[in-house]
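Single-letter residue listing:
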Amino acid sequence: MADTAGPEGAARPPGDLDGTAPGSSHETVSSLLDTLHVGVVMIDARGRVQLWSPAAEEILGWPPGRLAGRQVETLLAPTGADTPAELARGIYDTLRSDRTWRGVLHARHLEGHRVEIEIRAALLHDGHGTAYCVASIAETGRLRSIEQDLAALGALFDSSPLGIALFDTELRYLRVNEALARLNRLPVRDHVGRTVYETLPPDMAAEIQRLQNVVLRTGRPIVDMVTSAPDGGARSASYSRLTDDLGHVLGLSCTVMDVSERRHALAKIERARQRLALLDHVGVALGDLLDVPRIARALAYALVPRFADYAGVMLIGPLVHGGDLPATDPGAGTPLLQLGVAAKQRGPAVERMLRAGQDIAFEPRSHFGRTLSTGEPHLIESQEELRVATYPGDPKVQAALDLGVHSLLIAPLRARGIVLGLLVISRADGRDPFDRDDMTLTMDVADRAGTSLDNARLYAREREGALMLQRSLLPQRVPAPPGVGVAYRYVPGSTGTEVGGDWFDVIPLAGGRVAFVVGDVVGHGLRAAATMGRLRTAVRTLAGLDLPPDELLRRVNDLADDLAQGPDDPLMATCLYAVHDPSTRRCTLAKAGHLPPLLLRPRQGGGWHADAVELPSGAPLGVGGGGVETAAFESVELEVEEGAVLVLYTDGLVERRGEDITVGIERLRALLGAERPEPTLEDACDEVVATLLISEAPGTSRAPHPPGPSGSGRPPGSADDAALLMAKLGGLPEGSSASWTFSAGSYAVRRARAAVRDALLDWGLDAVVDEAVLLVSELVTNSLRYAHGPVGVRMVRGTSLLVEVSDPLPDPPRVRNATEEDEGGRGIQLVARESRRWGTRHGALGKTVWFELPLPG
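What counts, and where the lines are drawn
Residues numbered from 1 in each chain as written. Predicted model: local features only at pLDDT ≥ 70, side-chain atom pairs only at ≥ 80, totals over all residues. Heavy atoms only, no water. Helix = DSSP H or I, 4+ residues; strand = E, 2+ residues; numbered from the N terminus. Expected span 1.5 Å × (residues − 1). Buried < 20%, exposed > 50% of the residue type's maximum accessible area, 1.4 Å probe, protein only. Contact = heavy atoms within 4.5 Å. Salt bridge = Lys/Arg side-chain N within 4 Å of Asp/Glu carboxyl O. Core = buried A, V, L, I, M, F, W, Y, C linked by side-chain atoms within 4.5 Å. Pairing = 2+ DSSP bridges.

Peer 1: Honestly, helix α8 (residues 202–218) in this entry has me stumped. Any pointers?
Peer 2: Since the α-helix packs 3.6 residues into each turn, any two residues three or four apart lie on the same face. Between its terminal C-alpha atoms α8 stretches 24 Å, which fits the 24 Å expected from 17 residues at 1.5 Å a residue. Burial in α8 covers these residues: Met204, Ala205, Ile208, Gln209, Leu211, Gln212, Asn213, Val215 and Leu216. Of the residues one or two after α8, glycine 219 is the one with positive phi, at around 80°.

Here's what the structure looks like:
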């Protein structure tokens, strides 16, 4: 294989390369004789030197003037037993008999050393019959070197497995070995004198000829240039320029090697690398996903256009929402839900072939149905086979044919040995069809995807169970106490089963008061949710004792060890507890390491002024609890104006990764304090959730959150739960309460009965007058007997009738089982039996005993 002189580089005279024109008188001729240095000597019949050429002088150092007329034995050195004279006579005798002589002799150099020379001698006669001897001499060292070089060159041409060629300056073959002749599929004799245009295909010859011209012009060799071969393989060729000792360009040399196997091996290596890269790409695409539909879409997108032109992922419907695996492989008629689709283009035909959300059922005898039933992949290798892949006239098959699909792979998506669905990929015109290696690779991809889908199915089921548990522990119904409006949202995190321990609560208290609670158990998962349920129960139980907020938090903190999962999993939680009294419009708050609440005050003209309520931080619950060390909590009392809104929330609502929590609190405050018409509490909750939990997430759109204690819509990857509670604090309607203070005296009970009777009659509550007066009489009598101080009576009309009796005695009354002989002890029994509920709470100056009576109707 070699280059040719084509249209670009044909017909270039040698002189064009070295700056001289052929035939010029200044042309310098270079040949093999310049390397050999062959000298000429003429000797007469008497053995005297007559002529001595410059080359001979260069070999032996003798100038012609020193040798002319001298005997030839002057030049010869003794050889063995023969003297120079004997050697000369023997040569002359041979010449007279044979007329020629050849041999090797040792001559004396002018400088005294011996030089081995090879001689070719002939006997000549002139026209007068005078005899002369003409001899050509050459130094044997140079001659042997040239002979060895020529022998090596010949051996290289004859025995080298590489193709070798020599070209002249017109890029014609001068010499070609058998190896190159076999590669070119042309005898050696048909190469010599021709160019590559006459020995190789035109496209291949044009590329080689261009490279030959470049090497001939610049002298820069080209090494290991890979080109195509006539047989469809590949060749590696190397070219270099040939020059003589004087730098004259003689032509080109070329070596050619068949590298078809090497290229095939490299292609296999590259293909294997691409397969590994595809598996890695699919692994990365599916690695952190725990949602079945998202995995299906990610799988389709990972394969198109990198590996296929079209891809569809179909799964058994119940598995999408965490259903159980079928006991056996699904039958061919089992409907599949197409969740993930990807295509290199869009259009009506693509929509007919691939449509996300479509239910598909395959015929049992179709290739798809057999793969679904047996779990064995199938490769469709032609459009003829594709036409009969399902049933005659299938619009999906026709759409695939319209798109030019000619190769299709059906692979089962399996987990635990059970088929979950199908992965269907196809290639269209302009792309090589799938082969068996592609099928093996597709099965590897499908197996990985099947494992990811099964994991996502299990996560979906576990997450649903965890959310169900968490929702069951949250308030199922929030009361609406008089003078208070409440709206709330709970949004679970979206990462796997990692539900959190956020909770909120609204607890009615005695006297028409109401408690608001929000908290967050540190950690995620079922343990956090279970701990949250126990903590919420403890807070509700202690709230029934009507304790001040700081005292309630202290008691909950003392129960930390009992509420924890175990000694190796201690309780750690934050909490905020607030109590609002509508009758006094005062709100008392305390927190245990929780975020500060916001208080929204009505703005003139609409909207709210939003401010954070600064509270003593307090340590989180579980820090210093369990009796080891008493944690300090402190209550703050506020007087709130009519229509003010108290906002309680957890950190999941405002926290952002890499951002200080105060930035999120300020973002919430600015959102609620923006100037606008005053929204309803429900609308405000929707706006907060939509803005802070949905539109803040990259790639998500703003959407309102449905009302209720929990909902969906959390952006993917949001790990923490979020709870939001907004309470509009107002007072009781005018005339809804009445209070009196009676001094300790003999007429206090009668005055208290009269005041209560008159107030109830004024309110139109005649039906409860007798019962209320009786119970008030018993409680006032009890206070006068034991307290010996002023007695306060207060009534509040709301959804029920609340009656409170206060005195300075701190000890609460006890219920006793009075006998017939006992004169007292029946008052508290009577209150407990006749009222809907009753209780005692402590205050700064004593205690208050209260009871509730249902209102008529």
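Next, the rest of the story.
Peer 1: Would you explain the side chain of serine 783 in this entry?
Peer 2: By the element assignment, serine 783 lies in helix α23 (residues 769–786). Look past the residues within four positions of serine 783 in its chain and what remains in contact with it is His788, Val791, Val805 and Asp807.

Peer 1: Where do I start with α23 in this structure?
Peer 2: Taking 1.5 Å per residue, 18 residues should reach 26 Å; α23 reaches 26 Å between its end C-alpha atoms and fits that length. Within α23 the residues assigned to the buried category are Val769, Ala772, Val773, Leu775, Val776, Ser777, Leu779, Val780, Ser783 and Leu784. Of the residues flanking the end of α23, it is histidine 788, one or two places downstream, whose phi is positive at about 55°.

Peer 1: Even after reading the chapter, I still don't get the pattern of salt bridges, so can you show me in this structure?
Peer 2: Close approach of charged atoms allows side chains with opposite charge to pair. According to the stated counting rule, one finds 37 salt bridges in the structure shown. The partner of aspartate 309 in a salt bridge is lysine 344, and the shortest N-O contact between them spans 3.8 Å. Residue aspartate 309 is found in the loop between α10 (292–303) and β11 (310–316), and its partner lysine 344 is found in the loop between β12 (336–343) and α11 (348–353); the two are separated by 35 residues along the sequence. Overall, lysine 344 belongs to the partly exposed group, its relative accessible area being 40%.

Peer 1: Would you take a moment to explain the nonpolar core for this structure?
Peer 2: Within soluble globular proteins, side chains that are nonpolar tend to cluster in buried spots. Within the largest apolar cluster, 70 residues are counted, with the highest numbers of intra-cluster contacts made by Leu299, Leu303, Tyr310, Leu386, Leu413, Leu422 and Ile425. When residues no more than four places from it in sequence are discounted, the contact partners of leucine 303 are Leu278, Val282, Ala308, Leu423, Ile425 and Val445. Ranked by size, the runner-up nonpolar core spans 54 residues in total, among them Val514, Tyr577, Phe633 and Ala723.

Peer 1: Would you explain the pairing of strand β16 (residues 418–427) in this entry?
Peer 2: A large share of β16 lies buried, amounting to 10 of its 10 residues. Of the strand pairs in this sheet, β11 and β16 are connected by six bridges, and their pairing is antiparallel. What sits directly across from tyrosine 310, in β16, is serine 426. Hairpin connection between strand β15 (residues 407–415) and β16: a loop of two residues separates the two successive antiparallel strands, and arginine 416 in this loop has a positive phi of roughly 55°.

Scope: geometric values only; no functional claims are made or implied.
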